[in-house]
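Reading the structure
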Amino acid sequence: MHLLIIFAALIVAYTIRYQCTRSISKRNERWHKALFFFLFPPLLIFTTTFALLFMGPQGKMGGLQTGCYSYVIALFGIAFFAIMFVKQLWLGWLSVKSVRDCPEANIAGRTVRLLNTQALFAGQIGFFKPELVLSSGLLETLSSNHLEAVLAHEQGHYHYRDTFWFFWLGWMRECTSWLPNTEALWEELLTLRELRADAHAVSSVDPLLLAESLLMVVSSNPISSEVLCAALGSPGAKRLEERVEALLSPPQTTQKLEFASLNWLVWTFVPLVSVVFHS
């Protein structure tokens, strides 16, 4: 019986991820749809795994005898989730450690870390309270006005705590890389994150300056650092045209995530109901 629960959860998770390509192309409520398709499958698998571990390898469910196979599968699942979490923590710690090895400097009245490279890089690196990192190449290339636009963009990442939230989303990505459309949804979330930071920046700087800065940064040699990092150039040139068009279009109200729009989270706890029928 427990094996049926596992198969049912996997089928639902796979089906939801497979269907996402039909909906994420719409611009309205993109955040809500992307988060649903990205998070619902792994959360459903998590709660199913926890329910099976709680019920244990012995007992009956629905009049049928349960065995140890499903319990072993659940143990392997939890071990896999834990390994992915430790991996994510390790990579994040390496990112933070590399930042702390960089010297501090005062740029435009802000304390930043200087990265010794000619590549154009600007990003927030850290967990809940990240540090702003700028490359020496960026400071040498950008004018003061362009630099102000970049700093405004990075302030948007800090305002929304993007490094914190995308650490957990990145963990979900690692855990469900085997599901369909994981990378497509990840790129969508990265794009929405950057569009939100851009929208936050243009409330205080000229959008044309920010667009020019973005073009310069993306066209330079990229610096790969995804874990605990929110940078101006991510996700690279893949969605560059969309970001530039958004900057040059009339400003739109930044869509805020509301708890009511995440009411689908309740359905991820459905597997826990099976515990009641276990004896």
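Relevant structure appears above.
Everything quoted here is computed from the prediction, not taken from an experiment.

Counting its secondary structure elements, the protein contains nine helices and seven strands. Across the 279 residues in the protein, those meeting the buried criterion constitute 48%. Here the contacts in the protein between residues at least 6 apart in sequence split such that 72% fall between residues at least 24 apart. Here the protein displays about 14500 Å² of accessible surface, and carbon together with sulfur accounts for 64% of that area.

Moving on: a nonpolar patch on the surface. Taken together, the side chains of Leu4, Phe7, Leu10, Ile11, Phe80 and Trp178 define a hydrophobic patch exposed on the protein surface, amounting to about 610 Å² of accessible area. Considering the arrangement of structural elements, one finds Phe7 in helix H1 (residues 2-19).

This paragraph deals with the packing of aromatic side chains. By the definition in use, this model includes 21 aromatic pairs. In this structure an aromatic cluster arises from ring pairing among Phe46, Phe80, Phe81, Phe85, Phe127, Phe128, Phe164, Trp165, Phe167, Trp168 and Trp171. The lysine or arginine in question, Arg161, covers the ring of Tyr158, its NZ or CZ lying 4.6 Å from the ring centre. Over the ring of Tyr160 we find Arg196; its NZ or CZ atom is 4.3 Å from the centre of that ring.

The sheet built from five strands is open, its strands ordered E3-E4-E6-E5-E7 with mixed pairing. Two strands lie at the open edges of the sheet, namely strand E3 (104-107) and strand E7 (229-231), each paired on one side alone. Each neighbouring strand pair of the sheet contributes to a mean axis angle of 40°, computed without reference to strand direction. Sheet analysis places strand E5 (residues 122-125) next to E7, joined by three bridges and oriented antiparallel. Its bridge partner lying in E7, Ile125 is registered against Cys229. The sheet strands contacting helix H5 (residues 144-159) are E3, strand E4 (110-115), E5, strand E6 (131-135) and E7, and the helix crosses E5 at an angle near 25°.

Where helix H2 (residues 30-55) meets helix H3 (residues 69-100), the axes come as close as 9 Å, and the angle between the chain directions of the two elements is 130°. One finds that H2 runs oblique with respect to H3. For the pair H2 and H3, the sense of crossing is left-handed. Two secondary-structure elements touch here, H2 through Ile45, Phe46, Thr49, Phe50, Leu52 and Leu53 and H3 through Ser70, Tyr71, Ala74, Leu75, Ile78 and Phe81. Grouping the amino acids of the contact of H2 with H3 by side-chain chemistry returns 10 nonpolar, two polar and no charged.

What follows concerns helix H7 (residues 182-201). End to end, H7 covers 29 Å across 20 residues, agreeing with the expected 28 Å (1.5 Å per residue, within 8%). A large share of H7 lies buried, amounting to 16 of its 20 residues.

Let us now look at unusual backbone geometry. Unlike most non-glycine residues, Ala108 shows phi in positive territory, near 55°. A positive phi angle, close to 55°, is found at Arg161, a residue other than glycine. Tracing the backbone shows Arg161 in the loop between H5 and helix H6 (162-175). The class for Arg161 is partly exposed, based on a relative accessible area of 22%.

Turning next to the nonpolar core. Nonpolar side chains in soluble globular proteins tend to be buried together. Core analysis: the largest hydrophobic core is formed by 29 residues, its most contacted members being Phe38, Leu39, Phe166, Leu169, Trp171 and Leu189. Mapped onto this core, the elements with two or more residues apiece are H1, H2, H3, H6 and H7. At 10 residues, H2 tops the list of elements feeding residues into this core. If we skip the residues at most four places from it in the chain, Phe166 touches Trp31, Trp186, Leu189, Leu190 and Arg193. Formed by 25 residues, the second largest nonpolar core is a distinct cluster that contains Leu138, Val218, Leu232 and Leu247.

A separate point is the pairing of E6. Counting buried positions along E6 yields four of five residues, so the element is predominantly enclosed. Two elements, E4 and E6, share three bridges in a ladder whose sense is parallel. Residue Leu115 lies in a different strand from E6, and its bridge partner there is Ser135. Strand direction decides the pairing type here: E5 and E6, joined by four bridges, are antiparallel.

Calculation notes
Residues numbered from 1 in each chain as written. Predicted model: local features only at pLDDT ≥ 70, side-chain atom pairs only at ≥ 80, totals over all residues. Heavy atoms only, no water. Helix = DSSP H or I, 4+ residues; strand = E, 2+ residues; numbered from the N terminus. Buried < 20%, exposed > 50% of the residue type's maximum accessible area, 1.4 Å probe, protein only. Contact = heavy atoms within 4.5 Å. Areas by Shrake-Rupley, 256 points an atom, 1.4 Å probe, with all protein chains shown as cover. Patch = residues over 30% accessible without salt bridge, like charges linked within 9 Å, V, L, I, M, F, W, Y side chains within 5 Å. Salt bridge = Lys/Arg side-chain N within 4 Å of Asp/Glu carboxyl O. Phe/Tyr/Trp six-rings, centres within 6.5 Å; stacked < 30°, edge-to-face > 60°. Lys NZ or Arg CZ within 6 Å of the ring centre and 35° of its normal. Pairing = 2+ DSSP bridges. Axes fitted to C-alpha atoms, helices over the stretch in contact; angles between N-to-C directions. Parallel < 35°, antiparallel > 145°, perpendicular 65-115°, else oblique. Left-handed = near helix turned anticlockwise from the far one by under 90°. Nonpolar A, V, L, I, M, F, W, Y, C, P; charged D, E, K, R; others polar. Expected span 1.5 Å × (residues − 1). Core = buried A, V, L, I, M, F, W, Y, C linked by side-chain atoms within 4.5 Å.

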